[in-house]
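If you want the building blocks of each chain, they are given just below.
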Amino acid sequence: GIITITTEELQRTMQECREEVQVFFFHCERALSDKAAASTRFGRKGVEKARSNPVKMASLLNQIIANYSDPEYEDKLDARLTKGYKNKLESLHTRLTDGIAAQSLAKTNRPANTEIRIAKYNAVWSFARNICDIAKVAFRGSHAKQQQYFMYERPAAKKGSRSALKNASLRAQESEQA
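Residues numbered from 1 in each chain as written. Predicted model: local features only at pLDDT ≥ 70, side-chain atom pairs only at ≥ 80, totals over all residues. Heavy atoms only, no water.

Visitor: Which residues make up the overall build of the chain, and what are the values?
Guide: When helices and strands are counted, the chain shows eight helices and zero strands. Beginning at the N terminus, the succession of helices and strands in the chain can be written as α-α-α-α-α-α-α-α. Long-range contacts, defined here as pairs at least 24 residues apart, represent 65% of the contacts in the chain between residues at least 6 apart. Total accessible area computed for the chain in this model is approximately 12600 Å², and 55% of it derives from carbon and sulfur atoms. (Helix = DSSP H or I, 4+ residues; strand = E, 2+ residues; numbered from the N terminus. Contact = heavy atoms within 4.5 Å. Areas by Shrake-Rupley, 256 points an atom, 1.4 Å probe, with all protein chains shown as cover.)

Visitor: Could you give me a rundown of the packing of aromatic side chains, with the residues and numbers involved?
Guide: Applying the stated criterion across every chain, the model contains five aromatic pairs. Measuring from ring centre to ring centre gives 5.3 Å for F42 and Y73, while their planes differ by 50 degrees; the resulting arrangement is tilted. Of this pair, F42 sits in the loop between helix 2 (38-41) and helix 3 (47-50) while Y73 sits in helix 5 (residues 71-80); the two residues are 31 residues apart in sequence, bridging distant segments of the chain. Take Y73: its relative accessible area is 5%, and that puts it in the buried class. (Phe/Tyr/Trp six-rings, centres within 6.5 Å; stacked < 30°, edge-to-face > 60°. Buried < 20%, exposed > 50% of the residue type's maximum accessible area, 1.4 Å probe, protein only.)

Visitor: Summarise helix 6 (residues 85-138); cite the residues concerned and give the values.
Guide: For an α-helix, the turn length of 3.6 residues means that residues three or four places apart are oriented alike. In a regular helix each residue adds 1.5 Å, so 54 residues correspond to 80 Å; helix 6 covers 75 Å between its end C-alpha atoms and thus fits that length. The sharpest bend along helix 6 measures roughly 45 degrees and falls at R110, with the proline P111 sitting one to four residues further on. (Expected span 1.5 Å × (residues − 1). Bend = angle between axes of the 7 residues up to and from the residue.)

Visitor: Now, about helix 4 (residues 54-68): what can you tell me, with residues and values included?
Guide: Spanning 15 residues, helix 4 covers 21 Å between terminal C-alpha atoms, matching the ideal 21 Å at 1.5 Å per step. Residues P54, M57, A58, L60, L61, I64, I65, N67 and Y68 constitute the buried set of helix 4. The inward-facing, buried residues of helix 4 abut helix 1 (2-31), helix 2, helix 3, helix 5 and helix 6. Of the residues flanking the start of helix 4, the one acting as N-cap is N53, its side-chain oxygen 2.9 Å from the backbone nitrogen of V55. (Polar contact = N/O pair within 3.5 Å; in protein donor to acceptor, adjacent residues only side chain to side chain.)

Visitor: Which residues make up the packing of helix 4 against helix 6, and what values go with them?
Guide: The N-to-C vectors of helix 4 and helix 6 enclose an angle of 155 degrees; their axes lie 10 Å apart at closest approach. By the angle between their directions, the pair helix 4 and helix 6 is classed as roughly antiparallel. Where helix 4 crosses over helix 6, the two elements pack in a sense that is left-handed. For the pair helix 4 and helix 6, the contacting residues are P54, V55, M57, A58, L61, N62, I64, I65 and Y68 in the first and Y85, K86, L89, E90, L92, H93, L96, T97 and I100 in the second. Partitioned by chemical class, the residues of the contact of helix 4 with helix 6 number 13 nonpolar, three polar and two charged. (Axes fitted to C-alpha atoms, helices over the stretch in contact; angles between N-to-C directions. Parallel < 35°, antiparallel > 145°, perpendicular 65-115°, else oblique. Left-handed = near helix turned anticlockwise from the far one by under 90°. Nonpolar A, V, L, I, M, F, W, Y, C, P; charged D, E, K, R; others polar.)

Visitor: Account for the pattern of salt bridges, naming residues and giving values.
Guide: The final tally for this structure, using the stated rule, is nine salt bridges. If you follow the salt bridges from partner to partner, you end up with R41, D70 and E72 in one network. (Salt bridge = Lys/Arg side-chain N within 4 Å of Asp/Glu carboxyl O.)

Visitor: For the nonpolar core, give the residues involved together with the corresponding values.
Guide: Within the largest apolar cluster, 28 residues are counted, with the highest numbers of intra-cluster contacts made by F24, F42, M57, L77 and L96. For this core, the secondary-structure elements that each account for two or more residues are helix 1, helix 3, helix 4, helix 5 and helix 6. Broken down by element, the residue count for this core peaks at eight residues, all from helix 1. (Core = buried A, V, L, I, M, F, W, Y, C linked by side-chain atoms within 4.5 Å.)

Visitor: Residues and numbers for the side chain of H93, please.
Guide: For H93, the location among the structural elements is in helix 6. Here A58 takes part through its backbone oxygen, which lies 3.2 Å from a polar atom of the side chain of H93. With residues up to four places along the chain from it excluded, the contact list for H93 reads A58, L61, N62 and I65.

Shown next, in the form of structure tokens:
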């Protein structure tokens, strides 16, 4: 469904984020080796949690982007990374937040979509039920024909419920013998 599609897209974006964050911190630690607190300021401590959580990854990317513009870091990072690397991170951040929003919207709409799907299934059931009722009247003289249009009155037994199946078959055998 739509939730699966949005989740897969979000996972692809997350994988890109993981790779870019790894590249960023690799270069950050080398370019800013003279500044001990630099990687901490960029959010190095939150990387592990952010790797598996899209919201935390968005927050980490936001922190990286915000600190990237600091004059004492920007020139050294640009020398080590490509010139448009900050724009690449911003684009990735935008895609990630859009993916999070799309997944959230899909999850929010699930009850409405389920209700619509159930209504469609019920319409098909009602149509089939109507055909079966008409067949009972049309073929009232032919038991064999009526059996072709027979629909169960009771809901099916729950999956894995052997006692319900045994009881149903016992009742059927008793009615045949009587």
